[in-house]
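# Summary of the model geometry
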Amino acid sequence: MSRHSVLPTRISSKQVLSIVVPVFNERAMLPVFLERVLPILDSLTVATQLVFVDDGSEDGSANYISSFLARRSGIRLVKLTRNFGKEAALTAGLEHATGDAVVVIDADLQDPPELIPTMVEAWQSGSDVVLMQRRSRHGESLPKRLSAHLFYRLLNRTSRTNIPVDTGDFRLMSRRAVDALMSLGERNRYMKGLFAWIGMPTTVLPYDRAPRAAGVSKWDYPRLIGLALEGLTSFSTSPLRWATGVGLLAASMGALFGLWIVVKATLLGDVTNGYPSLVAIITFLGGIQLLSIGIVGEYVGKTYVETKQRPIYLTEDVMESVQAGARPNTLNPEPYRHASSN
Ligand code: UDP
Ligand code: MG
């Protein structure tokens, strides 16, 4: 990736914590979010920088944030040209965050901001990654909880990277960890996997996930299934092996069955029956073949997307609070290049 966050030239030695917030149609949430987060940030011993990424909201979220810029220092708004999805928005936020550590938090207050001081403590005592692990999932339906549970288990069975169970994007990362993450150049941003891939000293803190305070979740089942498929195929090639295995099994069963028919025909004469079983076998094998082609297709598609080398997101605008005196405002402006999207 060509665009790296540049470390600010330090005026004082005070450390800076960046808070990255992806925002997609969260106009109803933003005032509540700021009201709850700002006092917490002010209570910290480190300086703070709030990085909002507007992921193509259509409800005036970006306008609300930009109007807030005049009122408070240390806020940066990265406006994307359209909705690129949460994973891309997070990447944008991490690239535009300049702090010594970065906390990623949802705008809907499902990740309690009250935990930020504890996360900062863990970071200051030497952790590069402070992972927040969900103890409960209030307000989520049983099918969602069950499918999440199964998914994490399946994912860890199939991939070599151990992706911690029940952790979301809510976490703190040191500058070192963020830079490592940004050096992973793939377009398919399966963040949970990428987060886990970098390793580094990690603290896991359990917390209770709150229900959404307002608005609706942007994840419906098709999107969640898409993310699950993405996760499985980004972090493991074993589905390809399953296809081979099932194919082998089906082929050898077919061969044995054919042999058995020959033996039976020689011993008992040519009895023409068994059409239903024939149809069943053909349908079964056809299904297996289509499934295998589908699995291979997932990977071919991934390769296709990667080879295009498109940028993960495009920025429309980057705005910064202008108020003087605040540390984050003294940052060097970054060269925000719009790479061509071919
Ligand atoms: N989000 C985003 N782009 C999207 C979807 C969601 O930036 O395309 C943001 C959203 O504004 C919120 C966070 O990602 O801050 C989590 O989204 P949501 O609450 O819908 O997901 P859930 O909590 O259900 O996983
Ligand atoms: Mg949410």
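Residues numbered from 1 in each chain as written. Chains lettered and ligands numbered in written order. Predicted model: local features only at pLDDT ≥ 70, side-chain atom pairs only at ≥ 80, totals over all residues. Heavy atoms only, no water.

The following threshold applies: UniProt positions are given in the numbering used here, feature names are shortened, and annotations may be inferred rather than shown by experiment.
Under an unreviewed UniProt entry, the protein chain has the name Glycosyltransferase involved in cell wall bisynthesis and belongs to Marinobacter salarius. According to the UniProt record, the Subcellular location (unreviewed entry) comment for the protein chain reads "Membrane".

### As for the coordination of the magnesium ion (ligand 2)
Using the following cut-off: Shown as donors are all N, O and S atoms within 2.8 Å of a metal ion, widened to 3.2 Å for Na, K and Ca; because water is not in the atom set, sites may appear incomplete. Burial classes: relative accessible area under 20% of the type maximum marks a residue as buried, over 50% as exposed, and values in between as partly exposed (1.4 Å probe, protein chains only).
At 1.9 Å from the magnesium ion (ligand 2) lie its protein donor atoms, namely Asp108 (OD) and Gln110 (OE1). Both residues of the pair, Asp108 and Gln110, count as buried.

### Some points on the confidence of the model for the protein chain
How we decide: Per-residue confidence from the predictor is reported as pLDDT, which spans 0 to 100. We call two residues contacting when some pair of their heavy atoms lies within 4.5 Å.
A residue-level look at the protein chain finds 84% of positions with pLDDT of 70 or above and a mean pLDDT of 80. Every residue in residues 1-11 scores below 50 in pLDDT, and together they form 34 contacts with partners more than four places removed in sequence or on other chains. Note that pLDDT drops below 50 for residues 324-342; the model gives that stretch 45 contacts with residues more than four away or on any other chain.

### Quick notes on the UniProt feature "transmembrane region" (unreviewed entry) in the protein chain
What counts is decided by this rule: Strands here are runs of E lasting at least two residues and helices are runs of H or I lasting at least four, both read from the DSSP assignment and numbered beginning at the N terminus.
Within this structure's numbering, the places UniProt gives as "transmembrane region" (unreviewed entry) are residues 242-263 and 275-300. Taken end to end, residues 275-300 comprises 100% helix and 0% strand; its first and last C-alpha atoms sit 37 Å apart.

### Quick word on the packing of aromatic side chains
The condition that has to hold: The rule is short: rings of Phe, Tyr and Trp, with Trp giving its six-membered ring, pair when the centres are within 6.5 Å, and they are stacked under 30 degrees, edge-to-face over 60, tilted in between. Any Lys NZ or Arg CZ found within 6 Å of a ring centre and within 35 degrees of that ring's normal is scored as a charge over the ring.
In the structure shown here, the tally under the stated rule is three aromatic pairs. Residues Phe33 and Phe52 carry aromatic rings whose centres are separated by 6.1 Å and whose planes lie at 75° to one another, so their mutual orientation is edge-to-face. Here Phe52 lies in strand β2 (residues 47-54) and Phe33 lies in helix α1 (residues 30-43), a separation of 19 residues in the sequence. Look at Phe52 and you get buried, because its relative accessible area is 1%. A cation sits over an aromatic face here: Arg82 above Phe84, 3.9 Å from the ring centre.

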